[in-house]
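Chain residues, written in single-letter form:
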Amino acid sequence: MNQFATAILAAAACAATPALAEATDPVARGRYLVEVADCNGCHTAGFAESGGAVPEAQRLTGMTVGFSGPWGVSYPANLRLSVAGMSEGEWRVRARAGGLPPMPWPALKAMTDPDLNAIYAYLRALGPAGVAAPQAVAPGAPIPTAHFVFVPQPPTTVASAAATR
Ligand code: HEC
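Residues numbered from 1 in each chain as written. Predicted model: local features only at pLDDT ≥ 70, side-chain atom pairs only at ≥ 80, totals over all residues. Heavy atoms only, no water.

Engineer: What exactly am I supposed to notice about the coordination of the iron atom of the ligand here?
Structural biologist: Six octahedral donors at a metal ideally form angles of 90 or 180 degrees, and four tetrahedral donors ideally form angles of 109.5 degrees. The iron atom of the ligand binds to the protein through His43 (NE2) and Met103 (SD); the donor distances cover 2.0 to 2.1 Å. Coordination at the iron atom of the ligand is octahedral: its six donor atoms span angles of 88 to 179° at the metal. A residue pair is termed long-range when its members are at least 10 positions apart, and His43 in helix H4 (residues 40-43) and Met103 in the loop between helix H6 (88-97) and helix H7 (105-109) qualify at 60 residues. Of the residues examined, Met103 reaches a relative accessible area of 22% and is grouped as partly exposed. (Donors = N, O, S within 2.8 Å, 3.2 Å for Na, K, Ca; no water. Tetrahedral: all angles 85-135°; square planar, octahedral: opposite > 155°, others 65-115°. Helix = DSSP H or I, 4+ residues; strand = E, 2+ residues; numbered from the N terminus. Buried < 20%, exposed > 50% of the residue type's maximum accessible area, 1.4 Å probe, protein only.)

Engineer: Teacher, can you tell me more about the confidence of the model for the protein chain here?
Structural biologist: Note that predicted coordinates carrying low pLDDT should not be read in detail. Per-residue confidence for the protein chain gives a mean pLDDT of 90; residues scoring 70 or more make up 83%. Counted against residues more than four places away or in other chains, residues 4-14, with its pLDDT under 50, gives two contacts. (pLDDT = per-residue confidence, 0-100. Contact = heavy atoms within 4.5 Å.)

Engineer: Honestly, the packing of aromatic side chains in this entry has me stumped. Any pointers?
Structural biologist: Any pair of aromatic rings gets described here by the distance separating the centres and the angle formed by the planes. Applying the stated criterion across every chain yields a total of three aromatic pairs. Between Phe67 and Phe150 the ring centres are 5.7 Å apart and the planes differ by 85°, which places this aromatic pair in the edge-to-face class. Here the residue Phe67 occupies a position in strand S1 (residues 66-69), and Phe150 occupies one in the loop between strand S3 (147-149) and helix H9 (158-163), the gap between them amounting to 83 residues. In textbook terms, an aromatic cluster arises when at least three aromatic residues are bridged by ring pairs, as seen for Phe67, Trp71, Phe148 and Phe150. (Phe/Tyr/Trp six-rings, centres within 6.5 Å; stacked < 30°, edge-to-face > 60°.)

Engineer: Whenever I open this one, the pairing of S1 confuses me. Can you help?
Structural biologist: Along a regular strand, successive side chains alternate from one face of the sheet to the other. Burial along S1 is two-sided: the face carrying Gly66 and Ser68 and the face carrying Phe67 and Gly69 are both buried. Relative to S3, S1 runs parallel, the two being bridged by three bridges. Across the sheet, the residue bridging to Phe67 is Phe148, located in S3. Where S1 folds back on strand S2 (residues 72-74), the antiparallel hairpin that results is connected by two residues. (Pairing = 2+ DSSP bridges.)

Engineer: Would you explain the packing of H6 against helix H8 (residues 113-126) in this entry?
Structural biologist: If you want to describe how two helices pack, look at the angle between their axes and the distance between the axes. At a minimum axis distance of 10 Å, the contact between H6 and H8 shows a crossing angle of 110°. On the basis of the axis angle, H6 is roughly perpendicular to H8. For the pair H6 and H8, the crossing hand works out as right-handed. On H8, the residues touching Glu88, Trp91, Arg92, Ala95 and Arg96 of H6 are Asp113, Leu116, Asn117, Ile119, Tyr120 and Leu123. (Axes fitted to C-alpha atoms, helices over the stretch in contact; angles between N-to-C directions. Parallel < 35°, antiparallel > 145°, perpendicular 65-115°, else oblique. Left-handed = near helix turned anticlockwise from the far one by under 90°.)

Engineer: Quick question: what am I supposed to make of helix H3 (residues 26-36) here?
Structural biologist: Each turn of an α-helix holds 3.6 residues, which means side chains three or four residues apart point in the same direction. Residues Ala28, Gly30, Leu33 and Val34 constitute the buried set of H3. Of the residues one or two after H3, Asp38 is the one with positive phi, at around 55°.

Next up, the structure:
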């Protein structure tokens, strides 16, 4: 087989087996995990609302719109800035330490070391961008930003729905 044919076969094998590429390349694996676990849904402004129509270069820079509930108000962190000052080991400790809702902390705790390391590698590859998310607000304190109310609301009737229009 000549070199050209070998290259074509290798390219075809890669295209047919993205799982293999993910297994060997932590950045590709990290990108995959971030997409299937929907980290962008909260950590990328406008991602959920637009069905994911946010360029990759702008993703995971956090949100200035908070989530308010009994815990006060939490803001999805700018993960690209979070990792900028952390080693891989510090990132794993932070990811498993937990914090406020509605961040899916159990999902991070369920991840293996290589999975968390892959997400770290992907975030480092994206590089720092954007500004830090606002500080969390304590329960009952004034809320200085826009926020989603993450509290169950009572059902509405036809009359009350019409009244709110
Ligand atoms: C439902 C919304 C939501 C989703 C989905 C989500 N996060 Fe979060 N995340 C948050 C919020 C809100 C915070 C701030 C929590 C706090 O203040 O304790 C946060 C904080 C974090 C932090 C702490 C960062 C720091 O600098 O302290 C990490 C790490 C993190 N998220 C990683 C992830 C990863 C990885 C995914 C995808 C697997 C993900 N998050 C998905 C809402 C979300």
